[in-house]
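Each chain, letter by letter, is given below.
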Amino acid sequence: MTKAPAMPCRRLLLTASLAALAASTAPLLTACGFHLRRPPEFAFRSIYVDMPASSTLGAELKRQLASAGLQVITDAAEKNRAQVILQALQDSRERSVVGLNAAGQVREYQLRVRFGFRLVTPAGHVALPDAEILREIDQSYSESAALSKEAEAEMLYQSMQSDVVQQALERIAAIQLPASGQQAEQ
């Protein structure tokens, strides 16, 4: 009967060694720059997004800005209340043929999401000059699976759009407004 208590002792030893291992590797994670993803911090509190209402990228961008704690002004008549104005220069989805099979049928497409924008103050000062984010991916294609390939393309476009929005948020968060511009706009 002396062997029965050995099992809980082994569990305690294993648990203690795992806890020691976790405690010893935690400083290594912070030393390498690892940290959990946080929402970006912006140098302003309100923004007007000047994009068509039909733009799915614009709708996602507005959602992400609002979830980051910014006041997103939606009324064009009130855009001068915003500290900055995001002007969309280009918002497009493109698809081009990049490969054909021996019979001349499409074998591969390249899908692109392109977003061009700039950030200005209501006074017209450029806070972020013209910037463009381009995301592209290749998609194989088969005429026999045309419907499923169209659904796949839509999912790829949606994924690329989310990436573009995240990159745009990072670029917008990186800007610093001049101190005099902030005081004049408040």
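Presented here is an overview of the structure given in this document. (Residues numbered from 1 in each chain as written. Predicted model: local features only at pLDDT ≥ 70, side-chain atom pairs only at ≥ 80, totals over all residues. Heavy atoms only, no water.)

Points about the side chain of glutamine 139
Right, on to step 1. Structurally, glutamine 139 is set in strand β5 (residues 126-140).
Right, on to step 2. Of note is the side chain of glutamine 139, whose polar atom sits 2.9 Å from the backbone oxygen of lysine 149.
Right, on to step 3. Not counting residues up to four positions away in its chain, the partners in contact with glutamine 139 are Arg107, Glu108, Tyr109, Leu111, Lys149, Glu152, Ala153 and Leu156. (Helix = DSSP H or I, 4+ residues; strand = E, 2+ residues; numbered from the N terminus. Polar contact = N/O pair within 3.5 Å; in protein donor to acceptor, adjacent residues only side chain to side chain. Contact = heavy atoms within 4.5 Å.)

So, a nonpolar patch on the surface
Right, on to step 1. A cluster of nonpolar side chains, contributed by Leu14, Leu18 and Leu21, occupies part of the molecular surface with about 300 Å² of accessible area.
Right, on to step 2. Among the structural elements, leucine 14 can be located in helix α1 (residues 6-31). (Patch = residues over 30% accessible without salt bridge, like charges linked within 9 Å, V, L, I, M, F, W, Y side chains within 5 Å. Areas by Shrake-Rupley, 256 points an atom, 1.4 Å probe, with all protein chains shown as cover. Salt bridge = Lys/Arg side-chain N within 4 Å of Asp/Glu carboxyl O.)

Some details on the packing of helix α2 (residues 56-67) against helix α3 (residues 146-173)
Right, on to step 1. Look at α2 against α3: their axes get within 10 Å of each other, and the N-to-C directions meet at 50°. Here α3 runs oblique to α2, going by the angle between their axes. The handedness of the crossing between α2 and α3 is right-handed. Between α2 and α3, the residues in contact are Thr56, Leu57, Glu60, Leu61, Gln64 and Leu65 and Gln158, Gln161, Ser162, Val164, Val165, Gln166 and Leu169, respectively.
Right, on to step 2. Here the contact of α2 with α3 is built from residues that sort into six nonpolar, six polar and one charged. (Axes fitted to C-alpha atoms, helices over the stretch in contact; angles between N-to-C directions. Parallel < 35°, antiparallel > 145°, perpendicular 65-115°, else oblique. Left-handed = near helix turned anticlockwise from the far one by under 90°. Nonpolar A, V, L, I, M, F, W, Y, C, P; charged D, E, K, R; others polar.)

Details of the packing of aromatic side chains
Right, on to step 1. Summed over all chains, the structure comprises three aromatic pairs.
Right, on to step 2. Aromatic side chains phenylalanine 42 and phenylalanine 44 sit 5.5 Å apart centroid to centroid with 40° between the ring planes, which places their arrangement in the tilted category. When sorted by exposure, phenylalanine 42 lands in the same class as phenylalanine 44, which is buried.
Right, on to step 3. Between phenylalanine 115 and phenylalanine 117, the ring centres sit 5.0 Å apart and the planes meet at 20°, which makes this aromatic pair stacked.
Right, on to step 4. The ring of tyrosine 109 carries arginine 95 above its face, with NZ or CZ at 4.1 Å from the centroid. (Phe/Tyr/Trp six-rings, centres within 6.5 Å; stacked < 30°, edge-to-face > 60°. Buried < 20%, exposed > 50% of the residue type's maximum accessible area, 1.4 Å probe, protein only. Lys NZ or Arg CZ within 6 Å of the ring centre and 35° of its normal.)

Description of the pairing of strand β4 (residues 106-120)
The side chains of a regular strand alternate, first on one face of the sheet and then on the other.
Right, on to step 1. For β4, a buried count of eleven out of 15 residues is recorded, marking the element as mostly surrounded by other parts of the structure.
Right, on to step 2. Sheet topology places strand β3 (residues 84-100) next to β4; 14 bridges connect them, and they run antiparallel. Paired with glutamine 90 across the two strands is glycine 116, which belongs to β4.
Right, on to step 3. As judged from the twelve bridges shared by β4 and β5, these two strands associate in the antiparallel manner. Along β5, the bridge assignment pairs arginine 114 with leucine 134. (Pairing = 2+ DSSP bridges.)

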